[in-house]
Structure formats: structure tokens, C-alpha cells
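For reference, the chains in residue letters:
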Amino acid sequence: IPVEPFDLVIIGGTGDLARRKILPALFRRYLAGQMGKGSQVIGAARTEMDTEAYRQMVSEAIAEFGGAEAKNKTGLKKFLALISYITLDAKGDTGWEALHDAVQTDHVRAFYFSVGPSLFGDLAKRLQKHGMADDQCRIVVEKPFGRDLASARELNKVLARYFDESQIYRIDHYLGKETVQNLMAVRFGNMLFEPLWNSQYVDHIQITVAESVGVGGRGEYYDRSGAMRDMMQNHLMQLFCLIAMEPPAKFDPDSVRDEKLKVIRALDPLRPENIVRGQYEATETRPSYRKQVENRDSTTESFVALKANISNWRWAGTPFYLRTGKRLRERASEIAVVFKDAPHSIFGEDAGRHRNILTIKLQPNEGIELGVTIKEPGPGGMRLIDVPLDMTFAEALGPDQADFPDAYERLIMDVIRGNQTLFMRGDEVEAAWAWTDPIIAEFKEGEPPLPYATGSSGPDEALALIHRDGRAWREIK
Ligand code: BG6
């Protein structure tokens, strides 16, 4: 979809996120013809440098993180010509007048706050003071949106002083993933699934976001956060809401977000026995979590698994099992909707146990698969086997259509188009913190996280969490 020319200002333009995600995403959208004539990207940060040096930095970032498109040298040269740099002080007046003069008043203007939340208030205030916070202005804020309910409320309050909710785009990049949106298309575009989408037919739902990487160079941030704040409160809860919500009347921002909010509000409080926390240990070649974060006594979790229950008509009696962690066996993320057994097997005991599982795979290969039971071909009698009805996009749609844009590409373009459907509303973020806060508070008092081996699927107790209900996690592979 074409978009009008726009100005995008990346505050924190020299940072890791800008280099890894935002700038390569913009470059790909430029190549796709979505940055109309007159569009510009302004990098802004405290570092003193000129536009030439910044363009050099952008060019290196694209070479490193831009994928195959980075080879398009002519395209890169033209893209760099749209980029400039301004030295800007979030807490002082340096750079603000220059920024005011640089942005074009007849364009949509998006200010991407790619900095820690402690600066959000300062930035919002200065945008207003320097006459840039008008109707055409949008702000994009990254996670973490606070570290608990109180700080998230405070951030919402501060931003609301200068901006209307319709101008605030709280990013959760999981919502920009192709399959996550496809999940909604599959749920609400087909007659097939919705009648079965409830506790009468669904035994349980699993959501796994497993990473093989460790905390890398982000030890300082991560050790103050842990898996619960870094992944569960936002990414996994967002997936959870989309899978569990009632059908919205329309695919528009408030209809969707109202339904997601209702899910969070219907959640039972988390009980300590329904949570398992873990922390990865060293191997011969890889350091332990504690070593990586340089904190020998750290009690922060790098893994969390939990069981959640929703008290409403649709889901009462169907548990949701969620888990996420670092340094696990594989990078694999999926949602599995496990349907109940058929009420009676006409094929007798020998036919074994068969059930339908709808798997929505987010990573590494995106796609949706429905496990169905069929007869094993051949003369061997009525032997049943499970086979996947595969909706893997690459095969069904051909290689061109299956070349999805990265989550950031889609989300940035949604900001420019003014579509907030895939962004979190202030009340949603607060409700999510309200659910996780009491349990995070208990972490401090309770047992330290359980050690687990690097390359495993987490602590054994996480297996027990689901085994005790007569169920099993799907294998991480
Ligand atoms: C980020 C977390 O939000 O998401 C990281 O802070 C995590 O810790 C990352 O590694 C995972 O994102 P993706 O898209 O690679 O699954």
C-alpha cells in the first residue's frame, strides 16, 4: 500500500535497535517504493557527529544487518541521500531548534523514541516546547514500557500530558510478525475453526518462545528485568490475547484492543505453584547466566514457564501453558492449540491416541499446520497415523509472496499510515503489568530460579508443571 511522503526522526539514532532493526527496515521499505519523494529520515542522538559520518554508520549497519538487499549499492546510495543527523540532548536545549527547522510541516512526522523509558517524558516535553507536538506528529515508544504497574501508569500519565492516545504507538514487535497477523486471518476468516475455539473442544493451548541465544551484551538491562518482564509480560501475553480473545466486530484498533484487554482482565491471579523459573548454567564452552551478567548471586530468571487460566465462558476449564527462555535447545516459537480426543474411538484401543493440533509457527519458519488423523495407506488394515495439513506459506504462495517484511518494516509503515491496530494501548499495558506484578513481587521472597542446562528445554520442574495435569510440552526442535 503506498504511503504519503513522511519524516521519521529516530531519537537514539546511533543505538543498537536503530542499527539492527529500524534503519535496515526503512531501507527495505525504501527499495519497495514506500518512501515517497520528499520523505526523510533524521537520526538524532547525543553523540556529536555530522550527517556524512552518520550516513557512513547507516551504511555499515545496513551492510551488517540488511540481508540480501544490502548488496543493492545504487539503492543504498539513494536511500542515504534521504538521511541526515542532528545532535540532540533529551535533557537540554541542544539540537531542538535545528530539529524543528529540519522537519517538514506538510508531512506526517513520526518521532521514534529508541531510548530508555526514563527519557520518554523529557522528549515529549521538548517536542511540545519546540512546537513539534501537533496533530501530524506521532510518537513511537519501545518496550520496556515501565517495569511494573506504577511506572507504566506514570509513563502513560506523562505522555498523555503532551499527546493524545491516538498519537502514541507502543511497539511490541511480536505483533508485527507475519504469522501473528495470519493467526487472526485463520481464526476469523474461516468458518472451520471458530465453532471449535472454546473449552468444549480445546483441551489446552501452549505458547513457546524458545531462544538459543543467551543474554549477550545486554546483561545489565536483562539482570534487572528477567524473562518475566522481558518476554512474558509483553510478547507472550500479546500472543495469548490474540489466541484467546473474542471475535472483534471489526479489524480496527479499538475493537481489537478492547477484546485483548478483556482477556487480560479475565485472567485468574497467578499462583506460585503454577510458575517455574530457571537460570541457565555453564557448559564447557559457554558461560553461565550469572557469569554473563557479571552477578554471582543473581536471582533473575532466564526462563519462565507458567499455567494460566481464563475465567470466562469460552475458556473456563482450558489451561494455557506459556514458556520462554534463553539458551534453550533451539530457536523455536509456536502456539499450539491442542484439541480434545474424539469422544469414542470406533477403531478400538489398538488405533492409539490421536488428536488434532493446530500449530502456528512463528520461528524459525513461519507457517500454520493442522495435524489430522488418516488411515495409513496400504493393505495393513485400519492403522491410523497423524499427518500435517501444511499451510507453510513458502510452498503455498510461491517464493515471491513468502518473502515477508520484517516486523519492524510493517510496524513503522503502520505508524505512518496512522493504523494503531498492532500497537498496545495504554490500558492494555497497565492491565498486563497488573497481572504480572504480584508474582514478580513474590520472586524476591521465594526460591531462587532453578538451574537448567544450556541447550536443554529448561528445568525439569517445567516439565512437571504440565505433566501433573496429564499433558506434555511439545518438543522444542
Ligand atoms: C526482545 C527481547 O523484545 O525480543 C529479547 O528483549 C529477545 O530478549 C527478543 O531476544 C526476541 O525477539 P525475536 O523477534 O528474535 O524472537
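Throughout this document, residue positions are counted from 1 along each chain, in the order its sequence is written. Confidence filtering applies because this is a predicted model: local features only for residues at pLDDT of at least 70, side-chain atom pairs given and counted only at 80 or more, and all residues used for totals across whole chains, interfaces and linings. To get the side-chain values, all heavy atoms of the structure are used, and hydrogens and water are removed first.

Selection criterion: UniProt positions are given in the numbering used here, feature names are shortened, and annotations may be inferred rather than shown by experiment.
Within an unreviewed UniProt entry, the label attached to the protein reads Glucose-6-phosphate 1-dehydrogenase, and the organism entered is Roseovarius faecimaris. As its UniProt record puts it under Pathway (unreviewed entry), the protein is described as follows: "Carbohydrate degradation; pentose phosphate pathway; D-ribulose 5-phosphate from D-glucose 6-phosphate (oxidative stage): step 1/3." Heading Sequence similarities (unreviewed entry) of the UniProt record for the protein holds this comment: "Belongs to the glucose-6-phosphate dehydrogenase family."

Describing the overall build of the protein
Which entries qualify depends on this criterion: Starting at the N terminus, helices and strands are each numbered in turn, a helix being any DSSP run of H or I of at least four residues and a strand any DSSP run of E of at least two. What the globule rule says is 2.2 Å times the number of residues to the power 0.38, and the radius of gyration is computed from C-alpha atoms. The buried label goes to any residue with under 20% of its type's maximum accessible area, the exposed label to any with over 50%, and the partly exposed label to all in between, with areas taken from a 1.4 Å probe on protein chains only. It only takes one pair of heavy atoms within 4.5 Å for two residues to be counted as in contact. A 1.4 Å probe and the Shrake-Rupley method give the accessible areas. Residues count as covered only by the protein chains that appear here.
Regarding its fold elements, the protein presents 14 helices and 15 strands. At 24 Å, the protein has a C-alpha radius of gyration in line with the 23 Å of a compact globule built from 477 residues. Along the first, second and third principal axes, the C-alpha set of the protein runs to 80 × 50 × 45 Å. Burial statistics for the protein: of 477 residues in total, 54% are counted as buried. In the protein, of all internal contacts separated by at least 6 residues, the share reaching a separation of at least 24 is 76%. Surface summary for the protein: the accessible area is close to 21,800 Å², and the carbon and sulfur share equals 50%.

Considering the pairing of strand E13 (residues 367–375)
Rule in force here: Should DSSP find at least two bridges between two strands, the strands are taken to pair.
Relative to E13, strand E12 (residues 357–363) is paired through 5 bridges, and the arrangement is antiparallel. Within E13, the residue paired with Lys 361 across the bridge is Gly 367. Taken together, E12 and the strand that follows it, E13, pair antiparallel across an intervening segment of 3 residues.

Notes on the UniProt feature "binding site: substrate" (unreviewed entry) in the protein
Our working rule: Any N or O atom pair separated by 3.5 Å or less is treated as a polar contact, with the protein-specific requirement of one donor-capable and one acceptor-capable atom, and with residues adjacent in sequence counted only for side-chain atom pairs.
What UniProt calls "binding site: substrate" (unreviewed entry) maps, in this numbering, to His 173, Lys 177, Glu 211, Asp 230 and Lys 326. Tracing the sequence through the fold places His 173 in the loop between strand E6 (168–170) and helix H7 (178–189). Note on His 173: relative accessible area 22%, which makes it partly exposed. Ignoring anything within four residues of it in the chain, the contact list for His 173 reads His 235, Ala 407, Tyr 408 and Leu 411. Among the secondary structure elements, Glu 211 is positioned in the loop between strand E7 (202–210) and helix H8 (219–244). Setting aside residues up to four positions removed in sequence, Glu 211 forms contacts with Met 231, Gly 325, Lys 326, Arg 327, Leu 328, Glu 330 and Arg 331. In terms of polar contacts, Glu 211 uses its side chain to reach the side chain of Lys 326, at 2.7 Å.

As for the sheet that holds strand E9 (residues 303–308)
We apply this condition: Note on definitions: angles span 0 to 180 degrees between N-to-C directions of axes, and those axes are lines fitted to C-alpha atoms, for helices only across the stretch in contact.
Here we have 9 strands laid out as an open sheet, ordered E14-E13-E12-E11-E7-E10-E9-E8-E15, and mixed in their pairing. Of all strands in the sheet, those bounded by a partner on one side alone are strand E14 (384–390) and strand E15 (450–452). Taken over all neighbouring pairs, the strand axes of this sheet differ in orientation by 20 degrees on average, direction set aside. Where strand E8 (residues 275–280) and E9 come together, 4 bridges link them in antiparallel fashion. Pairing of Arg 277 across the sheet is with Val 304, part of E9.

Concerning the packing of helix H1 (residues 16–31) against helix H2 (residues 51–65)
Worth spelling out the cut-off: The scheme is simple: roughly parallel for angles under 35 degrees, roughly antiparallel for over 145, roughly perpendicular for 65 to 115, oblique for anything else. When residues are sorted by character, Ala, Val, Leu, Ile, Met, Phe, Trp, Tyr, Cys and Pro go into the nonpolar class, Asp, Glu, Lys and Arg into the charged class, and all the rest, Gly among them, into the polar class.
In the contact formed by H1 and H2, the axes pass within 9 Å of each other and the chain directions differ by 90 degrees. In this view, H1 runs roughly perpendicular relative to H2, as classed from their interaxial angle. Judged by residue contacts, Arg 19, Arg 20, Leu 23, Pro 24, Phe 27 and Arg 28 of H1 engage Tyr 54, Met 57, Val 58, Ala 61, Ile 62, Glu 64 and Phe 65 from H2. Tallied by class, the residues present in the contact of H1 with H2 amount to 9 nonpolar, no polar and 4 charged.

Concerning the domain arrangement of the protein
Where we set the bar: For the domains described, the bounds stem from an automatic or database domain assignment. Accessible surface is computed with a 1.4 Å probe, and the buried area is the amount of it that two parts give up when combined, taken over both parts together.
The domain boundaries assigned to the protein delineate domain 1 (6–142) and domain 2 (175–467). Its C-alpha centre places domain 1 at a distance of 33 Å from the equivalent point of domain 2. Across the boundary between the two partners, domain 1 contributes 16 residues, which contact 10 residues of domain 2. Summed over both sides, the interface between domain 1 and domain 2 buries roughly 1,200 Å², with carbon and sulfur atoms accounting for 68% of that surface.

Quick look at the site of the ligand
Note the following rule: A single heavy atom is enough: if one lies within 4 Å of a molecule or strand, its residue is considered near that molecule or strand.
Around the ligand, the neighbouring residues are Lys 143, His 173, Tyr 174, Lys 177, Glu 211, Arg 218, Asp 230, Met 231, His 235, Lys 326, Arg 331 and Gln 363. At a separation of 3.2 Å, an oxygen atom of the ligand approaches a polar side-chain atom of Gln 363. Relative to its unbound accessible area of 400 Å², the ligand is 81% covered by the protein chains. Looking at which element gives the most residues to the shell around the ligand, the answer is H8, with 3 residues.

As for the pattern of salt bridges
Rule in force here: We define a salt bridge as a contact between a side-chain nitrogen of Lys or Arg and a carboxyl oxygen of Asp or Glu at a distance within 4 Å.
Per the counting criterion, the structure on display carries 37 salt bridges. Close ionic contact of Glu 52 with Arg 55 constitutes a salt bridge, the shortest N to O distance being 3.3 Å. Note that Glu 52 and Arg 55 are positioned in helix H2 at a spacing of 3 residues, about one turn of the helix. Note on Glu 52: relative accessible area 51%, which makes it exposed.

Re the packing of aromatic side chains
Selection criterion: Stacked, edge-to-face and tilted are the three classes for Phe, Tyr and Trp ring pairs, Trp counted by its six-membered ring, which pair at centre distances within 6.5 Å; planes under 30 degrees apart are stacked, over 60 edge-to-face, the rest tilted. The rule is short: NZ of Lys or CZ of Arg within 6 Å of the ring centre and within 35 degrees of the ring normal puts a charge over the ring.
Scanning all chains against the criterion turns up 14 aromatic pairs. Judged by centre distance (6.1 Å) and plane angle (75 degrees), the ring pair of Tyr 321 and Trp 473 falls under edge-to-face. Taken together, the residues span a long stretch of sequence, with Tyr 321 in strand E10 (residues 320–325) and Trp 473 in the segment after helix H14 (460–467) at a distance of 152 residues. Overall, Trp 473 belongs to the buried group, its relative accessible area being 11%. Positioned above the aromatic ring of Tyr 174, the side-chain terminus of Lys 177 is 4.6 Å from the ring centre. Against the face of Phe 443 rests Arg 277, its NZ or CZ located 4.1 Å from the ring centre.

Looking at the side chain of Lys 260
By the element assignment, Lys 260 lies in helix H9 (residues 253–265). For Lys 260, the side chain forms a polar contact with the side chain of Glu 428, separated by 3.0 Å. The residues contacting Lys 260, other than those within four sequence positions of it, are Leu 175, Gln 238, Cys 241, Leu 242, Met 245 and Glu 428.

Notes on the pairing of E8
Burial within E8 is extensive, with 6 of its 6 residues counted as buried. A two-sided burial pattern is seen for E8, the buried positions comprising Ile 275, Arg 277 and Gln 279 on one face and Val 276, Gly 278 and Tyr 280 on the other. Sheet topology places E8 next to E15; 3 bridges connect them, and they run parallel. Directly across from Gln 279, in E15, lies its bridge partner Pro 451.

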